[in-house]
Amino acid sequence: MNTQTESRPSASGQQVPEAAPVTSKGSAAFQAQYFLRDTAAGLITGAMAIPLSIGIAIMSDYPIKVGLATVAFACLVGWINAWFKPGNFIGAPGIAAGLAPVLALGVATFGWENMAFCIFLTAFMQAIIWKFNWQRYLLIAVPVYLVEGLLAGVGLKILLKFSEFTYEIPEEAVAAEFWNGARIQMVMISAVGLGLFLYLFSKFKDTQPAIPYFVLIIGGVLLAQFVNVPMIFVEDIDLHIKLPLPESDVTITLLIMMFLFCAMLAIVDVIEQVMSNAAIEKIDPLNRKTNSNNSLLAIWIANMGSSFFHGMTNLDGLAKSTTNKLAGAMTKFSVLVIGFVVCFFTFNTQYLDFLPKFALAAIMMFTGYKMVAGLAHVTHYGPYALMLSFITAGLVYLVGIFEGLLIAMAVHGGVHFMVYTKHDKMPGRAVVKRYFDNLKNDSSNLQ
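Residues numbered from 1 in each chain as written. Predicted model: local features only at pLDDT ≥ 70, side-chain atom pairs only at ≥ 80, totals over all residues. Heavy atoms only, no water.

## Topic: the nonpolar core
Core analysis: the largest hydrophobic core is formed by 88 residues, its most contacted members being Ile54, Tyr62, Leu150, Ile158, Phe162, Phe261 and Val342. Looking at this core element by element, the count peaks at ten residues for helix 9 (residues 252-283). When residues of this core are sorted by domain, at least three fall in each of domain 1 (32-380) and domain 2 (381-445). For Ile54, the residues in contact, after removing those within four places along its chain, are Ile64, Ile232, Leu352, Leu355 and Leu360. Grouped together as the second largest cluster of nonpolar side chains are eight residues, Ala29, Trp79, Phe89 and Val337 included. (Core = buried A, V, L, I, M, F, W, Y, C linked by side-chain atoms within 4.5 Å. Buried < 20%, exposed > 50% of the residue type's maximum accessible area, 1.4 Å probe, protein only. Helix = DSSP H or I, 4+ residues; strand = E, 2+ residues; numbered from the N terminus. Domains from an automatic or database assignment. Contact = heavy atoms within 4.5 Å.)

Below you can see the structure in the form of C-alpha cells.
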C-alpha cells in the first residue's frame, strides 16, 4: 500500500502539509472515506460549471438547455465508466469551449436538424479511435503546437464574441446616440466586474478558483435587482429522445462534407482530451496514472448517447477539473454530484434568468484569453513551432477552424518535405516512409 503526505487548505487558505496515509487503491468511482469531500467538491464545481456551460452553448449556437443536459448526461456516463474502466480520476466532464465555433459552423452549414446525426457520426469515429487505441498516434500526426494554435484562434473568437455583452444595454435604453448614458454605465459595470474577477482569480487560483465565479455571479444577480442590465434568456425547450438520422433531402455531397466535418470534430475532441489528461494526471491528489484510452470510451459513449436528444460533444475540461481537485475531489463520485447540480438547473431553467450578461461575458472573455495565452506553452518547442502556431491561430480566426487547420497542416507537411528533400537530399518516397516509421516508433511513448 502506497502512502504519501497530503496537503489540505487551512482556515487561512494556505496549503498545510498533513501526514496522512492515503492510497491509490480502491474504486475510482466511489470510496466511502472521501464521500463528504467528493460531495462538497461536486457542489462547488457544479455551480461553476453552470455559467461556463451557458456561455459555450451560446457560442455553439445550441440551446442552453441542451448544453446543460449534455453536461449532466456526460457526468453520469463518466461516473459509471469509472467503475469499470477509469481514465482519469478527478476530471470533470463538460462541453468544450474549443469546439464551440466548430459546432456553430456545423449548425450554419448543415442545419440544426442534421446536427444530431453529425454528433452520432463523430461518436462513431471516436469509438473506432478508442477500439484501436489510435490516440497514441494523434499527437504525432497533429503536433501539439498546431492544436495550441487552433485553440488560440478559437479563444480569440470567444473573447471578441462575448465582448459585445460588455456594452449591450436593454432594448428600451437604446437611443439614436450610441454612447448614451446607459451604455457608458454598462461599460463601467462590465469593467469593474471583469477587474474584480481577474483580481480574485489571481488571488485564489491555487487554492479556491471557484471563488471569483461565485462572487461575480452572486454580485451580478444582486446588482441586477437595482440596475436595469441585460439578462440571459434560457428558452425552456422540450428535451425528447429521437433517432439521430439525417434529413431525407440530404445530398451525397452534403454527406461527404458531414463526414469530413465529423472527422475533424472527432480528432480535435480526442486530442483535447489527451492533452487535458496529461495535465489532470499532474494534479491528481493521489498521483494516480491516467489511461487516456479509457477516457475516450466515456467520451464517445456520452457523445453517442447525447445525439439521441440532440446534444453536444463533451470532454473532461481542465478548468473544471482543476476546480474539482482544489475543492477536494478524490474520486469520480464528485462528477456524479456535478451532474446532479447541472441536472437541477436543466429542468429548472427559470433560475438562470437571473444571470446578467455582463457577468457571463467576464467569465467567457477570461476563458477565451486563457486559450490564447496557451500559445506560451509552445515556446519551448522552438521558433518554428511558435511561428506555425501563430499562423494557425490567424488562419482559424480568419478563414475558419476546418480550413485553417487543414492549411496549417499542409504548410507544416510542405516545410518538412522541402527540408528533407532539398537539404537532406532524401527522395520523396523515403520522406513519406520515414514519417510513418517515426509515427509507429514514437507512438509507444504516448500512453
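## Brief notes about the side chain of Thr166
Here Thr166 lies in the loop between helix 6 (144-163) and helix 7 (181-204). On the basis of relative accessible area, Thr166 is assigned to the buried category, the value being 18%. Of note is the side chain of Thr166, whose polar atom sits 2.5 Å from the backbone oxygen of Ser163. Discounting residues that sit within four places of it in the chain, Thr166 has contacts with Met186, Val187, Ser190, Ala361 and Met365. (Polar contact = N/O pair within 3.5 Å; in protein donor to acceptor, adjacent residues only side chain to side chain.)

## Considerations on unusual backbone geometry
For Asn133, which is not glycine, the phi torsion reads 55° and is therefore positive. Locating Asn133 in the fold gives a position in the loop between helix 4 (115-131) and helix 5 (135-141). Positive phi, close to 65°, is recorded for His310, a residue that is not glycine.

## Some details on the pattern of salt bridges
Tallying each qualifying case throughout the model produces five salt bridges. Here Asp236 ties to Lys65 by a salt bridge, and the two come within 2.7 Å at their closest N and O atoms. Of this pair, Asp236 sits in the loop between helix 8 (211-223) and helix 9 while Lys65 is found in helix 2 (residues 64-84), placing the two residues 171 residues apart along the sequence. For Asp236, a relative accessible area of 54% puts it in the exposed group. (Salt bridge = Lys/Arg side-chain N within 4 Å of Asp/Glu carboxyl O.)

## Regarding the domain arrangement of the chain
How big an interface is tends to be reported as the loss of accessible area on association of its parts. In terms of domains, the chain is made up of domain 1 (32-380) and domain 2 (381-445). A straight line from the C-alpha centre of domain 1 to that of domain 2 covers 29 Å. On the domain 2 side, the residues contacting the 28 residues of domain 1 number 23 residues. For the pair domain 1 and domain 2, the summed buried surface comes to about 2400 Å²; carbon and sulfur atoms form 80% of the total. When the buried surface of domain 1 facing domain 2 is broken down by residue, Ile140, Tyr145 and Leu146 rank first, second and third, together holding 25% of it. There are zero salt bridges connecting domain 1 and domain 2. Remark: the boundary between domain 1 and domain 2 carries five residue pairs in polar contact (both at pLDDT 80 or more). Elements with a minimum of two residues in the side of domain 1 that touches domain 2: helix 3 (100-110), helix 5, helix 6 and helix 9. (Buried area = accessible area lost by both parts, 1.4 Å probe.)

## Considering empty space enclosed by the protein
Counted according to the given criterion, the structure contains two cavities of 30 Å³ or more. If you add up the space inside the largest cavity, you get close to 120 Å³. Around the largest cavity sit 16 residues that line it, and Gly78, Ser295, Ala298, Asp316 and Lys332 are the ones nearest its centre. Those elements that provide at least two residues to the lining of the largest cavity are helix 2 and helix 10 (292-306). (1 Å grid on protein atoms, 1.4 Å probe; cavity = no way out; pocket = protein on both sides within 12 Å on 5 of 7 lines; lining within 4 Å. Points joined across faces, edges and corners; volume = space filled by probe spheres on them.)

## Thoughts on the packing of helix 1 (residues 35-59) against helix 13 (residues 357-373)
Packing of helix 1 against helix 13 leaves a shortest axis separation of 10 Å and a crossing angle of 75°. Judged by the inter-axis angle, helix 1 sits roughly perpendicular to helix 13. Contacts between helix 1 and helix 13 involve Pro51, Leu52, Ile54, Gly55, Ile56 and Ile58 on the former and, on the latter, Leu360, Ile363, Met364 and Thr367. Looking at side-chain class alone, the contact of helix 1 with helix 13 contains eight nonpolar, two polar and no charged residues. (Axes fitted to C-alpha atoms, helices over the stretch in contact; angles between N-to-C directions. Parallel < 35°, antiparallel > 145°, perpendicular 65-115°, else oblique. Nonpolar A, V, L, I, M, F, W, Y, C, P; charged D, E, K, R; others polar.)

## As for the environment of Val215
Its location among the elements puts Val215 in helix 8. According to the relative accessible area criterion, Val215 is partly exposed, its value standing at 35%. As a C-alpha pair, Val215 and Leu200 span 15 residues in sequence and 8.7 Å in three-dimensional space. Discounting residues that sit within four places of it in the chain, Val215 has contacts with Leu196, Leu200 and Gly220.

## A few points about helix 13
Look at helix 13: 24 Å from first C-alpha to last across 17 residues, which is about the 24 Å you get at 1.5 Å a residue. In terms of residue burial, helix 13 counts as a mostly covered element, since 13 of its 17 residues are buried. (Expected span 1.5 Å × (residues − 1).)

## Re the packing of aromatic side chains
Between two aromatic rings, the relevant description is the distance of the centres plus the angle of the planes. Summed over all chains, the structure comprises 22 aromatic pairs. Aromatic pair Phe35 and Phe333: ring centres 5.5 Å apart, planes at 40°, arrangement tilted. Placement of Phe35 in helix 1 and of Phe333 in helix 12 (residues 333-346) is noted, with a sequence separation of 298 residues between them. Residue classification places Phe333 among the buried residues on the basis of a relative accessible area of 13%. Measuring from ring centre to ring centre gives 6.4 Å for Phe197 and Phe201, while their planes differ by 20°; the resulting arrangement is stacked. With Phe197 and Phe201 both in helix 7 and four residues apart, the pair spans about one turn of that helix. Assessed through its relative accessible area of 16%, Phe201 is described here as buried. Taken together, Phe197, Phe201, Tyr213, Phe366 and Tyr369 form an aromatic cluster joined through their ring pairs. The ring of Phe178 is capped by Arg183, whose NZ or CZ atom sits 3.9 Å from the centre of that ring. (Phe/Tyr/Trp six-rings, centres within 6.5 Å; stacked < 30°, edge-to-face > 60°. Lys NZ or Arg CZ within 6 Å of the ring centre and 35° of its normal.)

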